[in-house]
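Each chain, letter by letter, is given below.
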Amino acid sequence: MGDHSHKKTPDTLRSSRWFAPDDLRSFGHRSRMMQLGYSEEDYIGKPIIGILNTWSELNSCHGHFPERVEDVRRGVLQAGGFAVEMPSLSVDESFTKPTSMLYRNMLAMETEETIRSHPLDGVVLMGGCDKTTPGLIMGAITAGVPLIFMPAGPMLSGNYAGKPLGSGSDAWKFWDERRAGNVTDQEWLGMQGGIARSVGTCMTMGTASTMTAIADSMGLTLTGASSIPAADSGHKRMSADCGRRIVDMVWEDLVPSKLITDASIKNAAIVAMATGCSTNAVVHLIAMARRAGVKLELDDLDALGRITPLLANVRPSGKDYLMEDFYFAGGLRALMKQIETKLDTSCITANGKTLGENLEGAVVYNDDVIRPLDNPVYEEGSLAILRGNLCPDGAVIKPAACDPKYYKHKGPALVFDSYPEMKEAINDEDLDVTPDTVLVLRNAGPQGGPGFPEWGMLPIPKALIKQGHRDMLRISDARMSGTSYGACVLHVAPESFIGGPLALLKTGDIVSLDLENRSLDMLVDEDEIARRKAEWVAPKPRFQRGYGYMFSQHVTQADKGCDFDYLERDFGEAAGEPDIF
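Residues numbered from 1 in each chain as written. Predicted model: local features only at pLDDT ≥ 70, side-chain atom pairs only at ≥ 80, totals over all residues. Heavy atoms only, no water.

Caption draft 1: Representation of the overall build of the protein chain within the structure. Helix and strand content of the protein chain: 20 helices and 14 strands. Since a compact globule built from 581 residues should have a radius of gyration of about 25 Å, the 24 Å found for the protein chain is in line with a globular shape. Considering only C-alpha atoms, the protein chain reaches an extent of 80 × 55 × 45 Å along its principal axes. Residues classed as buried in the protein chain amount to 59% of the 581 residues present. Within the protein chain, contacts between residues separated by at least 24 positions form 77% of all contacts whose residues are at least 6 apart in sequence. Counting only carbon and sulfur atoms, one obtains 51% of the accessible surface of the protein chain, whose full area is about 22,400 Å². Here the protein chain contributes 59 positive and 78 negative side-chain charges, whose respective centroids are spaced 2 Å apart. (Helix = DSSP H or I, 4+ residues; strand = E, 2+ residues; numbered from the N terminus. Rg over C-alpha atoms; globule rule 2.2 N^0.38 Å. Buried < 20%, exposed > 50% of the residue type's maximum accessible area, 1.4 Å probe, protein only. Contact = heavy atoms within 4.5 Å. Areas by Shrake-Rupley, 256 points an atom, 1.4 Å probe, with all protein chains shown as cover. Lys, Arg positive; Asp, Glu negative; His and termini not counted. Charge placed at Lys NZ, Arg CZ, Asp CG, Glu CD.)

Caption draft 2: Local environment of helix α17 (residues 419–426). The complete set of buried residues in α17 reads M422, A425 and I426. The buried residues of α17 occupy an angular sector of 90° when the element is viewed end-on, so they sit on one face. Among the exposed residues of α17, those pointing more than 90 degrees away from its buried face are P420 and E424. In this structure, the buried residues of α17 make contact with α6 (169–179), β9 (408–416), β10 (438–441) and α18 (462–465). For α17, the N-terminal capping position is held by S418, with its side-chain oxygen 3.2 Å away from the main-chain nitrogen of E421. (Arc of directions from axis to C-beta. Polar contact = N/O pair within 3.5 Å; in protein donor to acceptor, adjacent residues only side chain to side chain.)

Caption draft 3: Quick look at the sheet that holds β9. Taken together, six strands build an open sheet; the order of strands is β12-β11-β10-β9-β13-β14 and the sheet is mixed. What marks the edges here is a single partner per strand, and that holds for β12 (488–489) and β14 (519–522). Taken together, the three bridges between β10 and strand β11 (residues 474–476) define a ladder with parallel strand orientation. For L439, the partnering residue across the bridge sits in β11 and is R474. Across the face of the sheet, α17 comes into contact with β9 and β10 while running at roughly 110° to β9. (Pairing = 2+ DSSP bridges. Axes fitted to C-alpha atoms, helices over the stretch in contact; angles between N-to-C directions.)

Caption draft 4: Local environment of the packing of helix α5 (residues 132–143) against helix α8 (residues 207–217). Relative to each other, α5 and α8 sit at 35°, their axes nearing to 9 Å. Contacts between α5 and α8 involve T133, P134 and I137 on the former and, on the latter, M211, T212 and A215.

Caption draft 5: Spatial organisation of the packing of aromatic side chains. Scanning the entire structure with this criterion turns up 11 aromatic pairs. A ring pair is formed by Y327 and F328, whose centres lie 5.9 Å apart and whose planes are at 45°; its orientation type is tilted. A relative accessible area of 25% means that Y327 is categorised as partly exposed. F328 sits in the exposed class, given a relative accessible area of 51%. One aromatic cluster is present, built from ring pairs that chain together Y103, Y547, F551, F564 and Y566. (Phe/Tyr/Trp six-rings, centres within 6.5 Å; stacked < 30°, edge-to-face > 60°.)

Caption draft 6: Just helix α13 (residues 298–307), in detail. Of the positions making up α13, those classed as buried are L298, L301, D302, L304 and G305. Down the axis of α13, the buried side of the element spans an arc of 165°, and every buried residue falls inside it. The secondary structure elements touched by the buried residues of α13 are α11 (262–275), α12 (280–291) and β7 (384–386).

Caption draft 7: Here's a closer look at the environment of D176. Positionally, D176 belongs in helix α6. For D176 and V69, which are 107 residues apart along the polypeptide, the C-alpha to C-alpha distance reads 40 Å. The residues touching D176, leaving out its near neighbours within four places in the chain, are I460, I465 and R470.

Caption draft 8: Structural detail: the packing of α11 against α13. The contact between α11 and α13 brings their axes to 9 Å, and the two run at 50°. Put simply, α11 runs oblique to α13. In this structure, α11 meets α13 at a crossing whose hand is right-handed. Of α13, the residues touching α11 (which contributes K266, A269, I270 and M273) are L301, L304 and G305. Looking at the contact of α11 with α13, its residues break down into five nonpolar, one polar and one charged. (Parallel < 35°, antiparallel > 145°, perpendicular 65-115°, else oblique. Left-handed = near helix turned anticlockwise from the far one by under 90°. Nonpolar A, V, L, I, M, F, W, Y, C, P; charged D, E, K, R; others polar.)

Caption draft 9: Highlighting the pattern of salt bridges. Counted according to the given criterion, the structure contains 42 salt bridges. A salt bridge links D176 to R179; the shortest N-O distance between them is 3.2 Å. One end of the pair, D176, and the other, R179, are both in helix α6, three residues apart, so they sit about a helical turn from each other. With a relative accessible area of 9%, R179 lands in the buried category. Here R532 makes a salt bridge to E528, at a shortest N to O gap of 3.0 Å. Taken together, the residues R532 and E528, both in helix α19 (residues 526–535) and four residues apart, mark about one turn of the helix. One network of salt bridges, in which partners are shared, links E67, R68, D71, R74 and K236. (Salt bridge = Lys/Arg side-chain N within 4 Å of Asp/Glu carboxyl O.)

Caption draft 10: Local environment of the nonpolar core. With 104 residues, the main nonpolar core has V124, L125, I214, M218, L285, F326 and L335 as its most contacted residues. A total of eight residues in this core trace back to one element, the largest contributor, which is α11. Apart from the residues within four sequence positions on either side, M218 is in contact with L259, I260, S264, I265, A268, L285 and M288. Formed by 47 residues, the second largest nonpolar core is a distinct cluster that contains F416, A444, I460 and A463. (Core = buried A, V, L, I, M, F, W, Y, C linked by side-chain atoms within 4.5 Å.)

And the structure:
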């Protein structure tokens, strides 16, 4: 597997700089290795592999990582390497507040500096919970050593009262029913226990499964690894395979720049569209691409979305199935085989083979779960990019996951400046609102949230819930969970907190959405917009010190990927190897 010509030799391993013989500095390093209980035979002349582990006791998605790290280590040792576990920021989605997105870039920075500052020849990146995948990969791209991504895998399908439950998607669905008085306390408690039955990430095609599929189709995993459920015994075998493979990748000098190219980024975007990806894919894929020096723009993603049908019948964009069903139907390899003609199959992947070689023999076992090109779930891809006087730098919508009647819509805006204000109003059964009303939440972007929280799936007002309505047009500069659905326009850029046009919208203004023409506008006279702009007063910054202050000073807007400006590849040369004296 791969090129075994051994482009690296023991004396050219990166780690050899730490352990060169007959040197005072190496004396100190070797003595500390002895202090750790290792003999020179354990590590001298062998690739030292860092296993970057994003486990924590509060990250249920990664609850199996203490076991999996040992599976990875087993593979590294079998292949003749030396494995060291390096704890990394967990950024779990459930408990990290105000949002894990605030800390994605912190994980990327930690990953980059952990690799650079230690004697690591290659790394296995253990991630999966939403922001861990892009955070780990962004940092490792910049560090530049060989990497392989080990995806956490989705949890088992949820179930309550004999019916399947999907992560997030059914939480939103049945919360509305509970607000309408249709779900009892006992039923709610039963769903609470049945919706997350094992370790692993959300088992809908949410952000976690979207991002691991992107890493997979970009060539950064063992092809197809992203589909394996966390609790499946195959996941243990895949973990050990990652350990074995990374050792060969070091000898082959198969660095990220050989895997992440314009073509592999395009492949990842096409696959994402075909899976019914999370809207968060836009922000993360752009950030990852820019770290690799690939200039990916919103319009590039929209263009690919127009020509890529949605084939994965997996919720929330699909109607019936979950990730376990997707795996049994053939998984990501089978889906990529369906769209093989749209992909550049000459791209090299982590196992040293081309994508085309890795797709040989892939079979779809259930063509209702993984649809053929002539019977898609939705004719176009999962996402569309809107522009107009409300979002001159772009906004994102997920057409396949919303009621088609909102594809072309005009209605009066009902504007909220904060989530608490909005939450109080939507629970008012006497709220003056109709199905045509456009709910708007602002001050929820990268700066305003702060951190770009997942508040964009605004709850349907209780007054409409009781009338039987379950969707309406909603607009915000926030993100939304990849497990969410509905007619939600997100990532409005520039955000309102820095004076974007959304800050100038007033309750009662008519908003127009035209999906076919990709437009989103407020029907307000330009002179009036200019007058409002002149009167706008910037709000007080969210942070006065610490990491938050650094975040607010340097985070880019949604259309640029929300990386820190000084971490993008074009900002300057990456730091070289550390001095060792």
